[in-house]
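Examining the three-dimensional arrangement
As a plain string of letters, each chain reads:
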Amino acid sequence: MSPPTMLQQADAHHLSLSEPKNGPFTYTDPLSEVPTLSGVDTSVDGSTPIIDMEGLLGPQRSEFVKQIGHACEKNGFFAVKNHGIPEMKINNMLDTARDFFHLPEEERLKFRSSDPNSIIRLVTGFQDKTRNIFVSRQSLKFHCHPVEDFKNQWPSTPPSFREKVGEYCASVRKVEVAMLEAISESLGLERDFIGKILKGHYVSINFYPACQESELNVTFGVRTHTDPTLITILMQDDVPGLQVINDDKWIDVNPIPNAVVVHVGDMLQALSNCRYKSLLHQATVNCEKERVSIASFCYPSDDAEIGPAKKLIDDDHPAIYKDFTYKEFHESMWRVKCSTAKRLDLFKAECDYSPAQAPNPAFPSPGQPQRKAPLSLFATPLPVSTILPLQSIAPPLAKAAGLFPFPHTRPLHLSQPPSTPQSPPPTSPNASPLTLLSSPLLTAAHHIEDEEIRREAEGQ
Ligand SMILES: O=C(O)CCC(=O)C(=O)O
Ligand SMILES: [Fe+2]
(Lines give C-alpha, C1' and ligand atoms only; values in the text may rest on other atoms or scores of the structure.)
(Ligands and ions follow the chains in the order given, each with its own letter.)
Protein backbone atom coordinates (compact mmCIF):
# COMPACT_ATOMS: atom_id res chain seq x y z
CA MET A 1 0.00 0.00 0.00
CA SER A 2 1.37 3.42 -0.84
CA PRO A 3 2.11 5.78 2.06
CA PRO A 4 -0.57 8.39 2.79
CA THR A 5 -0.21 11.66 0.95
CA MET A 6 0.36 14.86 2.85
CA LEU A 7 -3.26 15.73 2.41
CA GLN A 8 -4.44 12.39 3.77
CA GLN A 9 -2.20 12.80 6.81
CA ALA A 10 -3.47 16.28 7.39
CA ASP A 11 -7.00 15.03 6.95
CA ALA A 12 -6.59 12.36 9.59
CA HIS A 13 -5.35 15.05 11.92
CA HIS A 14 -8.25 17.30 11.03
CA LEU A 15 -10.82 14.65 11.74
CA SER A 16 -9.30 13.90 15.11
CA LEU A 17 -9.33 17.60 15.96
CA SER A 18 -12.78 18.41 14.86
CA GLU A 19 -14.91 15.65 16.35
CA PRO A 20 -17.95 17.51 17.66
CA LYS A 21 -17.77 17.92 21.43
CA ASN A 22 -20.62 18.41 23.83
CA GLY A 23 -19.24 21.58 25.32
CA PRO A 24 -21.22 24.79 25.44
CA PHE A 25 -21.91 26.00 21.97
CA THR A 26 -22.12 29.70 22.44
CA TYR A 27 -21.70 30.67 18.88
CA THR A 28 -24.71 30.81 16.69
CA ASP A 29 -24.45 31.91 13.17
CA PRO A 30 -27.59 31.43 11.15
CA LEU A 31 -25.81 32.74 8.09
CA SER A 32 -23.60 29.72 8.01
CA GLU A 33 -26.27 27.45 9.42
CA VAL A 34 -27.31 24.45 7.45
CA PRO A 35 -28.82 25.61 4.21
CA THR A 36 -32.26 24.74 3.04
CA LEU A 37 -32.35 22.57 0.02
CA SER A 38 -35.50 23.91 -1.46
CA GLY A 39 -37.78 26.88 -1.59
CA VAL A 40 -35.27 29.40 -2.78
CA ASP A 41 -36.09 31.72 -5.58
CA THR A 42 -33.41 32.29 -8.08
CA SER A 43 -33.72 35.18 -10.39
CA VAL A 44 -34.49 35.35 -13.99
CA ASP A 45 -31.86 36.83 -16.22
CA GLY A 46 -31.65 40.56 -16.23
CA SER A 47 -31.46 41.17 -12.51
CA THR A 48 -27.78 42.09 -12.57
CA PRO A 49 -27.32 45.81 -13.07
CA ILE A 50 -24.77 46.38 -15.81
CA ILE A 51 -22.61 49.48 -15.92
CA ASP A 52 -20.69 50.44 -19.02
CA MET A 53 -17.41 51.77 -17.72
CA GLU A 54 -16.72 53.67 -20.89
CA GLY A 55 -19.57 55.92 -19.85
CA LEU A 56 -17.45 57.18 -16.96
CA LEU A 57 -14.96 58.63 -19.42
CA GLY A 58 -17.46 60.56 -21.50
CA PRO A 59 -19.63 63.64 -21.13
CA GLN A 60 -22.37 61.59 -19.43
CA ARG A 61 -20.14 60.72 -16.48
CA SER A 62 -22.56 62.03 -13.88
CA GLU A 63 -25.31 59.82 -15.27
CA PHE A 64 -23.07 56.75 -14.94
CA VAL A 65 -22.02 57.78 -11.45
CA LYS A 66 -25.70 57.93 -10.56
CA GLN A 67 -26.26 54.45 -11.96
CA ILE A 68 -23.38 53.12 -9.88
CA GLY A 69 -24.73 54.78 -6.76
CA HIS A 70 -28.16 53.34 -7.41
CA ALA A 71 -26.77 49.83 -7.92
CA CYS A 72 -24.67 50.06 -4.74
CA GLU A 73 -27.64 51.25 -2.72
CA LYS A 74 -30.28 48.97 -4.13
CA ASN A 75 -28.36 45.84 -5.06
CA GLY A 76 -24.95 45.97 -3.38
CA PHE A 77 -23.36 44.75 -6.59
CA PHE A 78 -23.23 45.37 -10.31
CA ALA A 79 -21.49 44.04 -13.39
CA VAL A 80 -19.07 46.22 -15.31
CA LYS A 81 -18.46 45.90 -19.01
CA ASN A 82 -15.91 47.78 -21.10
CA HIS A 83 -13.68 47.96 -18.05
CA GLY A 84 -10.49 48.05 -20.07
CA ILE A 85 -8.95 44.75 -18.91
CA PRO A 86 -7.98 43.15 -22.22
CA GLU A 87 -9.76 39.87 -22.92
CA MET A 88 -6.42 38.16 -23.44
CA LYS A 89 -5.28 39.10 -19.96
CA ILE A 90 -8.50 37.74 -18.50
CA ASN A 91 -8.14 34.45 -20.35
CA ASN A 92 -4.48 34.18 -19.40
CA MET A 93 -5.36 34.76 -15.77
CA LEU A 94 -8.12 32.13 -15.76
CA ASP A 95 -5.91 29.61 -17.60
CA THR A 96 -3.03 30.20 -15.22
CA ALA A 97 -5.36 29.77 -12.25
CA ARG A 98 -6.57 26.42 -13.63
CA ASP A 99 -3.01 25.32 -14.37
CA PHE A 100 -1.98 26.10 -10.81
CA PHE A 101 -4.78 24.04 -9.31
CA HIS A 102 -4.01 21.15 -11.63
CA LEU A 103 -0.44 20.97 -10.33
CA PRO A 104 0.50 18.01 -8.13
CA GLU A 105 -0.59 18.60 -4.57
CA GLU A 106 3.00 18.76 -3.26
CA GLU A 107 3.60 21.74 -5.48
CA ARG A 108 0.49 23.55 -4.28
CA LEU A 109 1.03 22.71 -0.65
CA LYS A 110 4.26 24.68 -0.66
CA PHE A 111 2.05 27.73 -0.21
CA ARG A 112 0.10 26.67 2.83
CA SER A 113 0.54 28.96 5.79
CA SER A 114 -1.21 29.47 9.10
CA ASP A 115 -0.40 33.14 9.20
CA PRO A 116 -3.30 35.38 8.15
CA ASN A 117 -0.75 38.08 7.43
CA SER A 118 1.40 36.02 5.12
CA ILE A 119 1.97 37.40 1.65
CA ILE A 120 0.65 34.23 0.07
CA ARG A 121 -1.28 31.24 1.37
CA LEU A 122 -3.17 28.28 0.12
CA VAL A 123 -6.48 27.30 1.72
CA THR A 124 -8.22 24.10 0.73
CA GLY A 125 -11.66 22.66 1.22
CA PHE A 126 -12.80 21.34 4.55
CA GLN A 127 -15.64 19.59 6.26
CA ASP A 128 -17.59 21.38 8.95
CA LYS A 129 -18.54 18.25 10.80
CA THR A 130 -20.77 20.02 13.29
CA ARG A 131 -23.09 21.09 10.57
CA ASN A 132 -22.26 18.30 8.17
CA ILE A 133 -21.27 20.69 5.44
CA PHE A 134 -18.44 20.33 3.02
CA VAL A 135 -16.90 23.55 1.78
CA SER A 136 -15.15 22.65 -1.41
CA ARG A 137 -13.35 25.83 -2.39
CA GLN A 138 -9.60 25.76 -2.70
CA SER A 139 -7.96 29.10 -2.98
CA LEU A 140 -4.60 30.72 -3.39
CA LYS A 141 -4.59 34.12 -1.70
CA PHE A 142 -1.84 36.64 -2.16
CA HIS A 143 -0.98 40.30 -2.01
CA CYS A 144 -0.40 41.94 -5.32
CA HIS A 145 -0.11 45.71 -5.15
CA PRO A 146 2.25 46.93 -6.31
CA VAL A 147 2.92 43.78 -8.30
CA GLU A 148 6.69 44.27 -8.29
CA ASP A 149 6.81 44.18 -4.49
CA PHE A 150 5.16 40.80 -4.23
CA LYS A 151 5.55 38.77 -7.36
CA ASN A 152 8.82 37.12 -6.32
CA GLN A 153 6.87 35.35 -3.62
CA TRP A 154 4.23 34.01 -5.98
CA PRO A 155 4.46 30.53 -7.51
CA SER A 156 7.10 30.02 -10.17
CA THR A 157 5.12 27.07 -11.52
CA PRO A 158 3.32 27.15 -13.83
CA PRO A 159 6.18 29.12 -15.39
CA SER A 160 3.92 31.88 -16.71
CA PHE A 161 2.24 32.46 -13.32
CA ARG A 162 4.08 35.62 -12.30
CA GLU A 163 3.82 37.28 -15.67
CA LYS A 164 0.18 36.49 -16.41
CA VAL A 165 -1.10 37.07 -12.92
CA GLY A 166 0.92 40.28 -12.64
CA GLU A 167 -0.61 41.60 -15.84
CA TYR A 168 -4.13 40.88 -14.66
CA CYS A 169 -3.54 42.37 -11.21
CA ALA A 170 -2.12 45.60 -12.62
CA SER A 171 -5.12 45.94 -14.94
CA VAL A 172 -7.75 45.19 -12.35
CA ARG A 173 -6.18 47.78 -10.05
CA LYS A 174 -7.07 50.48 -12.57
CA VAL A 175 -10.68 49.34 -12.49
CA GLU A 176 -10.69 49.46 -8.70
CA VAL A 177 -9.38 53.00 -8.65
CA ALA A 178 -11.90 54.15 -11.26
CA MET A 179 -14.75 52.44 -9.43
CA LEU A 180 -13.80 53.94 -6.09
CA GLU A 181 -13.70 57.39 -7.67
CA ALA A 182 -17.17 56.93 -9.10
CA ILE A 183 -18.46 55.47 -5.83
CA SER A 184 -17.04 58.43 -3.86
CA GLU A 185 -18.79 60.82 -6.19
CA SER A 186 -22.00 58.86 -6.02
CA LEU A 187 -22.01 59.48 -2.27
CA GLY A 188 -21.50 63.19 -2.83
CA LEU A 189 -17.89 63.00 -1.62
CA GLU A 190 -14.77 64.28 -3.33
CA ARG A 191 -13.69 62.07 -6.16
CA ASP A 192 -10.53 60.94 -4.36
CA PHE A 193 -12.17 60.56 -0.94
CA ILE A 194 -11.97 56.78 -0.85
CA GLY A 195 -8.90 56.59 -3.10
CA LYS A 196 -6.94 58.52 -0.48
CA ILE A 197 -7.29 55.72 2.03
CA LEU A 198 -6.91 52.90 -0.46
CA LYS A 199 -3.88 50.76 0.10
CA GLY A 200 -3.51 47.23 -1.04
CA HIS A 201 -5.10 44.76 -3.26
CA TYR A 202 -5.26 41.12 -2.44
CA VAL A 203 -6.29 38.41 -4.83
CA SER A 204 -7.99 35.12 -4.11
CA ILE A 205 -7.84 32.64 -6.93
CA ASN A 206 -10.79 30.39 -6.17
CA PHE A 207 -10.96 26.88 -7.55
CA TYR A 208 -14.08 24.77 -7.17
CA PRO A 209 -13.54 21.19 -8.26
CA ALA A 210 -16.39 19.42 -10.00
CA CYS A 211 -18.20 17.43 -7.35
CA GLN A 212 -19.67 13.97 -7.07
CA GLU A 213 -22.33 12.76 -4.76
CA SER A 214 -21.48 11.66 -1.23
CA GLU A 215 -23.37 11.02 1.96
CA LEU A 216 -22.73 14.47 3.36
CA ASN A 217 -25.71 16.75 3.56
CA VAL A 218 -24.54 19.75 1.66
CA THR A 219 -21.60 21.04 -0.25
CA PHE A 220 -20.93 24.72 -0.56
CA GLY A 221 -18.42 26.23 -2.89
CA VAL A 222 -18.04 29.06 -0.44
CA ARG A 223 -20.51 29.78 2.32
CA THR A 224 -22.60 32.87 2.82
CA HIS A 225 -20.39 35.79 3.74
CA THR A 226 -19.63 39.43 3.18
CA ASP A 227 -16.17 40.59 2.12
CA PRO A 228 -14.06 42.66 4.55
CA THR A 229 -13.17 45.08 1.77
CA LEU A 230 -13.98 48.48 0.34
CA ILE A 231 -15.07 46.77 -2.83
CA THR A 232 -14.37 43.37 -4.36
CA ILE A 233 -13.97 42.87 -8.08
CA LEU A 234 -14.87 39.36 -9.15
CA MET A 235 -14.03 37.75 -12.45
CA GLN A 236 -15.77 34.43 -13.07
CA ASP A 237 -15.08 31.89 -15.77
CA ASP A 238 -18.07 30.65 -17.76
CA VAL A 239 -19.38 28.26 -15.09
CA PRO A 240 -22.18 29.77 -12.98
CA GLY A 241 -21.87 29.60 -9.21
CA LEU A 242 -22.07 33.05 -7.64
CA GLN A 243 -25.27 33.81 -5.75
CA VAL A 244 -26.14 37.02 -3.96
CA ILE A 245 -28.94 38.20 -1.71
CA ASN A 246 -31.13 40.69 -3.45
CA ASP A 247 -34.55 41.87 -2.41
CA ASP A 248 -34.82 39.05 0.07
CA LYS A 249 -33.99 36.41 -2.52
CA TRP A 250 -30.96 34.49 -3.50
CA ILE A 251 -30.24 35.26 -7.09
CA ASP A 252 -27.74 33.76 -9.46
CA VAL A 253 -25.22 36.18 -10.83
CA ASN A 254 -24.35 34.28 -13.95
CA PRO A 255 -21.13 35.04 -15.77
CA ILE A 256 -21.33 37.71 -18.44
CA PRO A 257 -18.45 37.20 -20.87
CA ASN A 258 -15.60 39.61 -20.14
CA ALA A 259 -17.53 41.52 -17.50
CA VAL A 260 -16.45 41.77 -13.88
CA VAL A 261 -18.77 41.95 -10.89
CA VAL A 262 -18.24 44.66 -8.28
CA HIS A 263 -19.41 43.96 -4.70
CA VAL A 264 -19.88 46.44 -1.90
CA GLY A 265 -17.67 45.33 1.03
CA ASP A 266 -17.80 45.94 4.78
CA MET A 267 -15.53 49.00 4.73
CA LEU A 268 -17.71 50.76 2.19
CA GLN A 269 -20.76 49.98 4.30
CA ALA A 270 -19.08 51.75 7.24
CA LEU A 271 -17.78 54.70 5.21
CA SER A 272 -21.14 55.25 3.59
CA ASN A 273 -22.88 55.14 6.98
CA CYS A 274 -24.79 52.06 5.86
CA ARG A 275 -26.14 53.66 2.71
CA TYR A 276 -24.37 50.99 0.72
CA LYS A 277 -24.67 47.56 2.35
CA SER A 278 -21.99 44.94 2.24
CA LEU A 279 -23.16 42.21 -0.13
CA LEU A 280 -24.09 38.80 1.25
CA HIS A 281 -22.98 36.21 -1.23
CA GLN A 282 -22.01 32.59 -1.62
CA ALA A 283 -20.87 30.20 -4.32
CA THR A 284 -22.29 26.85 -5.30
CA VAL A 285 -20.48 23.96 -6.87
CA ASN A 286 -21.18 22.27 -10.14
CA CYS A 287 -21.64 18.54 -10.70
CA GLU A 288 -19.92 18.38 -14.01
CA LYS A 289 -17.53 21.23 -14.34
CA GLU A 290 -14.83 22.75 -12.24
CA ARG A 291 -15.10 26.49 -11.77
CA VAL A 292 -12.58 29.29 -11.34
CA SER A 293 -13.16 32.77 -10.04
CA ILE A 294 -10.70 35.54 -9.30
CA ALA A 295 -11.64 37.85 -6.44
CA SER A 296 -9.68 41.09 -6.11
CA PHE A 297 -10.15 42.55 -2.66
CA CYS A 298 -9.28 46.17 -2.24
CA TYR A 299 -8.71 47.34 1.27
CA PRO A 300 -7.63 50.51 3.08
CA SER A 301 -4.30 51.24 4.71
CA ASP A 302 -3.93 50.08 8.30
CA ASP A 303 -4.20 53.50 9.85
CA ALA A 304 -7.05 54.70 7.63
CA GLU A 305 -9.98 56.10 9.61
CA ILE A 306 -13.06 54.17 8.60
CA GLY A 307 -15.95 55.90 10.31
CA PRO A 308 -18.88 57.20 8.33
CA ALA A 309 -17.76 60.11 6.13
CA LYS A 310 -18.56 63.32 8.04
CA LYS A 311 -20.44 64.69 5.07
CA LEU A 312 -22.88 61.83 5.31
CA ILE A 313 -23.80 62.51 8.92
CA ASP A 314 -26.57 64.91 9.92
CA ASP A 315 -29.58 64.98 12.21
CA ASP A 316 -31.52 62.70 9.93
CA HIS A 317 -28.55 60.40 9.41
CA PRO A 318 -26.69 60.03 12.69
CA ALA A 319 -23.40 58.14 12.58
CA ILE A 320 -24.11 54.43 12.72
CA TYR A 321 -20.48 53.55 13.31
CA LYS A 322 -17.71 54.98 15.43
CA ASP A 323 -14.47 55.99 13.86
CA PHE A 324 -12.08 53.08 13.79
CA THR A 325 -8.99 52.12 11.89
CA TYR A 326 -8.81 49.37 9.36
CA LYS A 327 -6.17 47.73 11.53
CA GLU A 328 -8.63 47.57 14.43
CA PHE A 329 -11.27 46.06 12.19
CA HIS A 330 -8.91 43.57 10.63
CA GLU A 331 -7.57 42.38 13.94
CA SER A 332 -11.03 42.08 15.46
CA MET A 333 -12.09 40.00 12.50
CA TRP A 334 -9.70 37.32 13.67
CA ARG A 335 -10.23 37.98 17.33
CA VAL A 336 -13.98 37.90 17.72
CA LYS A 337 -16.22 35.11 16.65
CA CYS A 338 -19.30 36.29 14.90
CA SER A 339 -20.83 35.94 11.51
CA THR A 340 -19.36 38.12 8.82
CA ALA A 341 -22.62 40.08 8.63
CA LYS A 342 -22.24 40.99 12.31
CA ARG A 343 -18.58 41.86 12.53
CA LEU A 344 -19.13 45.56 11.79
CA ASP A 345 -21.63 45.72 14.65
CA LEU A 346 -18.74 45.82 17.08
CA PHE A 347 -17.94 49.24 15.67
CA LYS A 348 -21.46 50.58 15.93
CA ALA A 349 -21.79 53.92 17.67
CA GLU A 350 -23.88 52.45 20.48
CA CYS A 351 -21.63 49.45 21.04
CA ASP A 352 -19.38 49.93 24.04
CA TYR A 353 -17.55 46.66 23.65
CA SER A 354 -13.95 46.77 22.59
CA PRO A 355 -13.04 43.89 20.30
CA ALA A 356 -9.55 44.14 21.79
CA GLN A 357 -10.96 42.58 24.96
CA ALA A 358 -11.37 39.22 23.34
CA PRO A 359 -8.49 36.77 23.25
CA ASN A 360 -6.94 36.65 19.87
CA PRO A 361 -5.82 33.28 18.60
CA ALA A 362 -4.45 34.66 15.35
CA PHE A 363 -2.49 37.54 16.84
CA PRO A 364 -1.47 36.35 20.30
CA SER A 365 -0.43 39.01 22.75
CA PRO A 366 2.97 38.61 24.45
CA GLY A 367 2.79 35.72 26.85
CA GLN A 368 -0.24 34.21 25.14
CA PRO A 369 0.85 30.90 23.64
CA GLN A 370 0.82 30.72 19.85
CA ARG A 371 -1.90 28.38 18.71
CA LYS A 372 -0.73 25.63 16.48
CA ALA A 373 -2.16 25.97 13.03
CA PRO A 374 -4.99 23.55 12.47
CA LEU A 375 -3.78 21.41 9.67
CA SER A 376 -7.33 21.16 8.55
CA LEU A 377 -7.06 24.66 7.24
CA PHE A 378 -4.92 23.40 4.48
CA ALA A 379 -6.11 19.93 3.96
CA THR A 380 -8.61 18.71 1.47
CA PRO A 381 -10.27 16.57 4.05
CA LEU A 382 -12.37 14.26 2.01
CA PRO A 383 -11.75 11.92 -0.82
CA VAL A 384 -15.25 12.64 -2.01
CA SER A 385 -17.17 15.77 -2.36
CA THR A 386 -20.87 16.22 -2.30
CA ILE A 387 -23.12 17.89 -4.65
CA LEU A 388 -26.68 18.57 -3.87
CA PRO A 389 -28.75 21.24 -5.48
CA LEU A 390 -27.43 23.76 -3.11
CA GLN A 391 -29.37 26.74 -1.99
CA SER A 392 -29.12 28.59 1.21
CA ILE A 393 -31.11 30.38 3.80
CA ALA A 394 -32.27 33.93 3.99
CA PRO A 395 -30.33 35.48 6.79
CA PRO A 396 -32.50 36.13 9.84
CA LEU A 397 -29.44 37.31 11.66
CA ALA A 398 -28.86 40.05 9.14
CA LYS A 399 -32.47 41.00 9.52
CA ALA A 400 -32.09 41.16 13.27
CA ALA A 401 -29.09 43.39 12.77
CA GLY A 402 -31.12 45.68 10.56
CA LEU A 403 -28.70 45.09 7.77
CA PHE A 404 -31.07 43.86 5.15
CA PRO A 405 -34.70 44.57 4.59
CA PHE A 406 -36.12 41.08 4.84
CA PRO A 407 -39.86 41.13 5.22
CA HIS A 408 -39.75 37.50 6.29
CA THR A 409 -37.23 34.81 6.86
CA ARG A 410 -37.23 31.37 5.43
CA PRO A 411 -37.42 28.33 7.62
CA LEU A 412 -34.27 26.39 8.20
CA HIS A 413 -34.82 22.83 7.25
CA LEU A 414 -33.05 19.95 5.77
CA SER A 415 -34.23 17.08 3.70
CA GLN A 416 -32.73 14.99 6.48
CA PRO A 417 -31.40 16.13 9.83
CA PRO A 418 -27.67 16.53 10.27
CA SER A 419 -26.06 13.38 11.57
CA THR A 420 -24.60 15.18 14.57
CA PRO A 421 -27.24 17.68 15.61
CA GLN A 422 -25.97 20.43 17.81
CA SER A 423 -28.49 23.09 18.69
CA PRO A 424 -27.18 26.56 19.13
CA PRO A 425 -28.92 28.60 21.80
CA PRO A 426 -31.94 30.55 20.54
CA THR A 427 -31.14 34.05 19.37
CA SER A 428 -33.67 36.67 20.22
CA PRO A 429 -34.28 39.18 17.44
CA ASN A 430 -33.18 41.89 19.84
CA ALA A 431 -30.11 40.08 21.02
CA SER A 432 -27.08 42.24 21.37
CA PRO A 433 -24.34 41.43 18.91
CA LEU A 434 -22.26 40.48 21.88
CA THR A 435 -24.28 37.35 22.46
CA LEU A 436 -22.52 36.02 19.41
CA LEU A 437 -19.06 36.44 20.75
CA SER A 438 -16.86 33.54 21.58
CA SER A 439 -16.86 32.36 25.12
CA PRO A 440 -13.77 31.37 27.02
CA LEU A 441 -15.72 28.20 27.82
CA LEU A 442 -15.54 27.16 24.22
CA THR A 443 -13.63 23.96 23.87
CA ALA A 444 -10.35 24.00 22.05
CA ALA A 445 -11.76 21.83 19.31
CA HIS A 446 -14.61 24.22 18.70
CA HIS A 447 -12.24 27.08 18.75
CA ILE A 448 -10.22 25.59 15.99
CA GLU A 449 -13.18 24.61 13.96
CA ASP A 450 -14.92 27.96 14.24
CA GLU A 451 -11.72 29.76 13.51
CA GLU A 452 -11.42 27.78 10.37
CA ILE A 453 -15.01 28.36 9.39
CA ARG A 454 -14.58 32.05 9.89
CA ARG A 455 -11.48 32.25 7.79
CA GLU A 456 -13.27 30.50 5.03
CA ALA A 457 -16.36 32.61 5.40
CA GLU A 458 -14.49 35.85 5.32
CA GLY A 459 -13.38 35.31 1.81
CA GLN A 460 -9.89 35.88 3.14
O1 LIG B 1 -16.40 32.36 -6.54
C2 LIG B 1 -17.27 33.18 -6.31
O3 LIG B 1 -18.17 33.41 -7.11
C4 LIG B 1 -17.27 33.97 -5.01
C5 LIG B 1 -15.93 34.06 -4.35
C6 LIG B 1 -15.94 34.91 -3.14
O7 LIG B 1 -16.98 35.26 -2.65
C8 LIG B 1 -14.69 35.34 -2.49
O9 LIG B 1 -13.61 34.95 -2.94
O10 LIG B 1 -14.79 36.11 -1.51
FE1 LIG C 1 -16.62 36.92 -1.22
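What comes next is a walk through the structure. (Residues numbered from 1 in each chain as written. Chains lettered and ligands numbered in written order. Predicted model: local features only at pLDDT ≥ 70, side-chain atom pairs only at ≥ 80, totals over all residues. Heavy atoms only, no water.)

Looking at the iron ion (ligand 2), one finds its protein donor set to be His225 (NE2), Asp227 (OD) and His281 (NE2), positioned 2.1 to 2.3 Å from the metal centre. One chain supplies every donor to the iron ion (ligand 2), and in sequence these donors are spaced H-x1-D-x53-H. Pair noted here: Asp227 is in the loop between strand E9 (222-225) and strand E10 (231-236) and His281 is in strand E14 (residues 281-283), with a separation of 54 residues, a long-range link. Relative accessible area serves as the criterion here: at 2%, Asp227 is assigned to the buried category. (Donors = N, O, S within 2.8 Å, 3.2 Å for Na, K, Ca; no water. Helix = DSSP H or I, 4+ residues; strand = E, 2+ residues; numbered from the N terminus. Buried < 20%, exposed > 50% of the residue type's maximum accessible area, 1.4 Å probe, protein only.)

Here the focus is the pairing of strand E3 (residues 120-123). Both faces of the sheet carry side chains from a regular strand, because those side chains alternate between them. Here E3 shows no split at all, with Ile120 and Leu122 on one side and Arg121 and Val123 on the other all buried. Judged from the four bridges that link them, E3 and strand E6 (residues 138-143) form a sheet pairing that is antiparallel. Counted as the bridge partner of Ile120 is Phe142 from E6. (Pairing = 2+ DSSP bridges.)

Attention now moves to the nonpolar core. Leu140, Phe142, Trp154, Met179, Ile205 and Ile294 are the most contacted members of the largest nonpolar core, which has 89 residues in total. Of the residues forming this core, the biggest block, 11 residues, is contributed by helix H6 (residues 161-186). Dropping the residues within four chain positions of it, Leu140 is found in contact with Phe100, Phe101, Phe111, Ile120, Arg121, Leu122, Pro155, Phe161, Val203, Ser204 and Ile205. (Core = buried A, V, L, I, M, F, W, Y, C linked by side-chain atoms within 4.5 Å. Contact = heavy atoms within 4.5 Å.)

A few words now on helix H3 (residues 87-101). For H3, with 15 residues, the first-to-last C-alpha span of 21 Å sits near the 21 Å given by 1.5 Å per residue. When H3 is considered as a whole, its buried residues turn out to be Ile90, Asn92, Met93, Leu94, Thr96, Ala97, Phe100 and Phe101. (Expected span 1.5 Å × (residues − 1).)

The strands making up a sheet associate through hydrogen bonds between their backbones, and the pairing can be parallel or antiparallel. Read from one edge to the other, the open sheet built from three strands follows the order E4-E5-E8, with strand pairing classed as mixed. Two strands in the sheet have a free side with no partner beyond their single neighbour: strand E4 (126-128) and strand E8 (218-220). Taken over all neighbouring pairs, the strand axes of this sheet differ in orientation by 25° on average, direction set aside. Where strand E5 (residues 133-135) lies against E8, three bridges are found, and the strand directions are parallel. Across the sheet, residue Ile133 finds its bridge partner in E8, namely Val218. (Axes fitted to C-alpha atoms, helices over the stretch in contact; angles between N-to-C directions.)

With that settled, consider the side chain of His83. When you line up the elements, His83 lands in the loop between strand E2 (77-81) and H3. At a separation of 3.0 Å, a polar atom in the side chain of His83 contacts the main-chain amide nitrogen of Ile85. From its side chain, His83 meets the backbone oxygen of Asn258 in a polar contact 2.4 Å long. Contacts of His83, omitting those with residues within four sequence positions, involve Met53, Ile90, Val175, Asn258, Ala259 and Val260. (Polar contact = N/O pair within 3.5 Å; in protein donor to acceptor, adjacent residues only side chain to side chain.)

Turning our eyes to something else, we now look at the site of ligand 1. Taken together, 14 residues are adjacent to ligand 1, and Asn206, Tyr208, His281, Arg291 and Ser293 come closest. Interatomic distance of 3.0 Å between a side-chain N/O atom of Arg137 and an oxygen atom of ligand 1. Interatomic distance of 2.6 Å between a side-chain N/O atom of Tyr208 and an oxygen atom of ligand 1. When isolated, ligand 1 has an accessible area of 300 Å², and the protein chains bury 100% of it. For the shell around ligand 1, the leading source of residues is strand E15 (residues 291-300), giving four residues. Residues of the shell around ligand 1, tallied by class, amount to six nonpolar, five polar and three charged. (Near = heavy atom within 4 Å. Areas by Shrake-Rupley, 256 points an atom, 1.4 Å probe, with all protein chains shown as cover. Nonpolar A, V, L, I, M, F, W, Y, C, P; charged D, E, K, R; others polar.)

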